[in-house]
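Here's the letter readout for the chains.
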Amino acid sequence: MKNSIFLLLFLSIAGCATESRYTQQSAEIDSIKAAIGHYVNGDWDAYSANYADGATIFFNATEENPATVAETIAAQKLSIEPLSTYSFDRDKEDLEMVVTDEGETWVNYWGTWKGTLAATGEEFVIPVHLTYQFVDGKVVKAYGYWNNTAIQMALMELQEASEMAAMETSE
């Protein structure tokens with residue numbers, strides 16, 4: 001009898017366990033994997049379909065400077081324009097989904113972006129961290145952090161060289 005009560009108590013406690021708050025497999029993770037593929041393929045309609053209406057995006061920006069999905073896509077198109085190739089190393093990416101104490105669902109992404117500057121053939125490899133908040137299967141908030149200083153410096157050097165060449169030919 002004593003063992004039966006203990007077993008019943010154990011089963012009732014085990015049955016009340018909450019669902020997992022951490023996973024590396026979920027529909028939300030699959031959504032982010034797909035969105036990264038859409039970015040690489042330039043499929044901007046499919047890319048934007050991952051976001052809820054009114055989603056706010058903070059890619060290398062503070063909370064005071066949110067962007068819309070349309071603004072983010074325009075900025076991404078502009079940033080890849082001088083490149084001959086760009087991609088993510090899909091074999092070395094890492095994703096996780098967590099549910100916070102407040103019940104928010106977030107997907108975190110760590111990966112490596114690679115790009116080649118068309119004008120020079122110079123290759124860039126940049127670590128990237130992205131984190132997305134989901135509500136009802138859609139991204140409502142996104143943060144992204146990466147250091148693109150090397151690309152910006154290379155583009156500035158190209159611009160300077162172009163201006164110098166133009167000045168020399170006009171003399």
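Residues numbered from 1 in each chain as written. Predicted model: local features only at pLDDT ≥ 70, side-chain atom pairs only at ≥ 80, totals over all residues. Heavy atoms only, no water.

J.: Got a minute to help me understand the overall build of the chain in this structure?
T.: What the chain contains, in helices and strands, is five helices and seven strands. For the chain, the α and β elements follow one another from N to C terminus as α-β-α-α-β-α-β-β-β-β-β-α. Counting only residues that meet the buried cut, the chain has 32% of its 171 residues in that class. Of the contacts formed within the chain by residues at least 6 apart in sequence, a portion of 56% connects residues at least 24 apart. Approximately 11000 Å² of the chain is accessible, and the part contributed by carbon and sulfur atoms is 55%. (Helix = DSSP H or I, 4+ residues; strand = E, 2+ residues; numbered from the N terminus. Buried < 20%, exposed > 50% of the residue type's maximum accessible area, 1.4 Å probe, protein only. Contact = heavy atoms within 4.5 Å. Areas by Shrake-Rupley, 256 points an atom, 1.4 Å probe, with all protein chains shown as cover.)

J.: Please explain the environment of Glu28 as it appears in this structure.
T.: Locating Glu28 in the fold gives a position in helix α2 (residues 27-41). Each C-alpha atom, one on Glu28 and one on Asn50, is 9.5 Å from the other, the two residues being 22 residues apart in sequence. With near-sequence residues (within four places) excluded, Glu28 lies in contact with Met97, Thr105, Val107 and Phe134.

J.: Would you mind showing me how to read unusual backbone geometry here?
T.: Excluding glycine, residues mostly have negative phi values, and the peptide bonds linking residues are mostly trans. For Asn60, which is not glycine, the phi dihedral falls at a positive 50°. Mapped onto the elements of the fold, Asn60 is located in the loop between β2 (51-59) and α4 (69-80). Positioned with a positive phi, Asp136 is a non-glycine residue whose angle comes to about 50°. Relative to the elements of secondary structure, Asp136 occurs in the loop between β6 (123-135) and β7 (138-146).

J.: Just to check I follow, could you spell out the packing of aromatic side chains for this structure?
T.: Remark: the centre distance and the inter-plane angle together describe each pair of aromatic rings, the angle taken between the planes. Considering all chains together, one arrives at nine aromatic pairs under this definition. Measuring from centroid to centroid gives 5.5 Å for Phe59 and Trp146, while their planes differ by 65°, and the two rings are edge-to-face. Here the residue Phe59 occupies a position in strand β2, and Trp146 occupies one in strand β7, the gap between them amounting to 87 residues. Between Phe88 and Tyr109, the aromatic rings sit 5.8 Å apart at their centres with planes inclined by 85°, giving edge-to-face as the arrangement. With a gap of 21 residues between them, Phe88 in strand β3 (residues 83-88) and Tyr109 in strand β5 (residues 105-117) connect regions that are remote in the sequence. A relative accessible area of 0% places Tyr109 in the buried class. Through a chain of ring-to-ring contacts, the aromatic side chains of Tyr39, Trp44, Tyr47, Tyr51, Tyr86, Phe88 and Tyr109 assemble into a single cluster. (Phe/Tyr/Trp six-rings, centres within 6.5 Å; stacked < 30°, edge-to-face > 60°.)

J.: Help me understand the nonpolar core, please; the structure alone is not making it clear to me.
T.: One broad rule of soluble globular proteins: the nonpolar side chains tend to lie buried together. By size, the foremost hydrophobic cluster in this structure holds 33 residues, and its most contacted members are Ile32, Tyr39, Tyr47, Tyr51, Phe59, Trp113 and Tyr132. Here this core takes six residues from β6, the largest share from any one element. (Core = buried A, V, L, I, M, F, W, Y, C linked by side-chain atoms within 4.5 Å.)

J.: What exactly am I supposed to notice about the environment of Ala55 here?
T.: Structurally, Ala55 is set in strand β2. Separated by twelve residues in the primary sequence, Ala55 and Ala67 place their C-alpha atoms 8.5 Å from one another. Setting aside anything within four residues of it in sequence, one finds Ala55 in contact with Ala67, Thr68, Val69, Val139 and Val140.

J.: What's the story with the pairing of β7 in this structure? I'm lost.
T.: Look at any regular strand and the pattern is simple: side chains alternate between the two faces of the sheet. With five bridges connecting them, β2 and β7 associate as parallel partners. Opposite Phe59, over in β7, you have Gly144 as the bridge partner. Both β6 and β7 contribute to a ladder of eight bridges, which runs antiparallel. Counted as the bridge partner of Val135 is Lys138 from β7. Here β6 folds back onto β7, and the loop between the two strands holds two residues, one of which, Asp136, carries a positive phi near 50°. (Pairing = 2+ DSSP bridges.)

J.: Looking at this structure, how should I read the pattern of salt bridges?
T.: Once their charged atoms are close, side chains differing in charge can pair, the charge on each being opposite to the other. Evaluation of the coordinates by the stated rule reveals three salt bridges. Taking the shortest distance from any N to any O, the salt bridge between Arg21 and Asp101 comes out at 2.3 Å. Taken as a pair, Arg21 in the loop between α1 (2-15) and β1 (22-23) and Asp101 in the loop between β4 (94-99) and β5 lie far apart in primary sequence, 80 residues in all. Overall, the relative accessible area of 42% leaves Arg21 in the partly exposed class. (Salt bridge = Lys/Arg side-chain N within 4 Å of Asp/Glu carboxyl O.)

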